[in-house]
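Understanding the architecture of this molecule
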Amino acid sequence: MKQNLELERDDMYVDRDIQTDDENRQQIVAYLETRFDVNKKFNLNLNSEAGEWLNLYGIYNPFSDFLTVECIVSTDDKEETFYYTPTKAEAELIKDMITQKIQEEYGQTPIEFCLDISPTEVHTMGGM
């Protein structure tokens, strides 16, 4: 994490379990494994030894090129959700990381992933 608290590539990892949103198939939901101080970044006071943690999800709409980050503070008893609007650089980084993971795992672009079209079908539909 930079001095200004802006996230960098080494600060997170995109998990391979990527899905489209049940309610909006144009949105990709990707779990972002955190490798940074979430307390410092989000001004929290979580204590992992007391069973408190943060789950982070990148929600990316490749059709509108929009990304937001859903943050879920969890304990054994409850969950609280808040949303983080990433900086322009963070948004580009996270979108790139999600795109790369979809390509690695599924051999698709984010739009193909949302439409659930294989790369072969895209070429056939396009007349290539």
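As the structure is a prediction and not an experimental result, all values here were calculated from the model.

Our next topic: the packing of aromatic side chains. Tallying each qualifying case throughout the model produces five aromatic pairs. Members of the aromatic cluster, each reached through a chain of ring pairs, are F36, F42, F82 and Y84.

It is worth spelling out the sheet that holds strand 5 (residues 79-84) at this point. With antiparallel pairing, five strands are arranged side by side in an open sheet as 1-2-3-4-5. A single partner strand is all that each edge strand has here, and the edge strands are strand 1 (12-20) and strand 5. Between one strand axis and the next, the sheet turns through 25° on average, direction left out of account. Pairing between strand 3 (residues 53-61) and strand 4 (residues 66-74): nine bridges, direction antiparallel. Its bridge partner lying in strand 4, L56 is registered against C71.

As paired elements, strand 4 and strand 5 share six bridges and run antiparallel to each other. By the bridge assignment, S74 is partnered in strand 5 with E79. Between strand 4 and strand 5, which pair antiparallel in sequence order, lie four residues.

As a further point, take a nonpolar patch on the surface. On the surface, a nonpolar cluster with roughly 250 Å² of combined accessible area is contributed by F63, I111 and L115. In this structure, I111 sits in helix 3 (residues 110-115).

Looking now at the side chain of T20. Summarising the element assignment, T20 is placed in strand 1. Within the structure, the side chain of T20 is placed 2.6 Å from the side chain of R25, a separation counted as a polar contact. For T20, the residues in contact, after removing those within four places along its chain, are R25, Q27, I28, F113 and C114.

In this fold, K101 is placed in helix 2 (residues 88-106). Judged by its relative accessible area of 8%, K101 falls in the buried class. When sequence neighbours within four positions are dropped, the list of residues in contact with K101 reads Y13, V14, D15, R16, I18 and Y106.

We now examine the confidence of the model for the protein chain. Residues at a pLDDT of 70 or more form 91% of the protein chain, whose mean pLDDT is 89. For the protein chain, the element scoring lowest by mean pLDDT is helix 4 (residues 119-125), at 43; helix 2 scores highest, at 97. Note that pLDDT drops below 50 for residues 120-128; the model gives that stretch four contacts with residues more than four away or on any other chain.

Cut-offs used in this document
- Residues numbered from 1 in each chain as written.
- Predicted model: local features only at pLDDT ≥ 70, side-chain atom pairs only at ≥ 80, totals over all residues.
- Heavy atoms only, no water.
- Phe/Tyr/Trp six-rings, centres within 6.5 Å; stacked < 30°, edge-to-face > 60°.
- Pairing = 2+ DSSP bridges.
- Helix = DSSP H or I, 4+ residues; strand = E, 2+ residues; numbered from the N terminus.
- Axes fitted to C-alpha atoms, helices over the stretch in contact; angles between N-to-C directions.
- Patch = residues over 30% accessible without salt bridge, like charges linked within 9 Å, V, L, I, M, F, W, Y side chains within 5 Å.
- Areas by Shrake-Rupley, 256 points an atom, 1.4 Å probe, with all protein chains shown as cover.
- Salt bridge = Lys/Arg side-chain N within 4 Å of Asp/Glu carboxyl O.
- Polar contact = N/O pair within 3.5 Å; in protein donor to acceptor, adjacent residues only side chain to side chain.
- Contact = heavy atoms within 4.5 Å.
- Buried < 20%, exposed > 50% of the residue type's maximum accessible area, 1.4 Å probe, protein only.
- pLDDT = per-residue confidence, 0-100.

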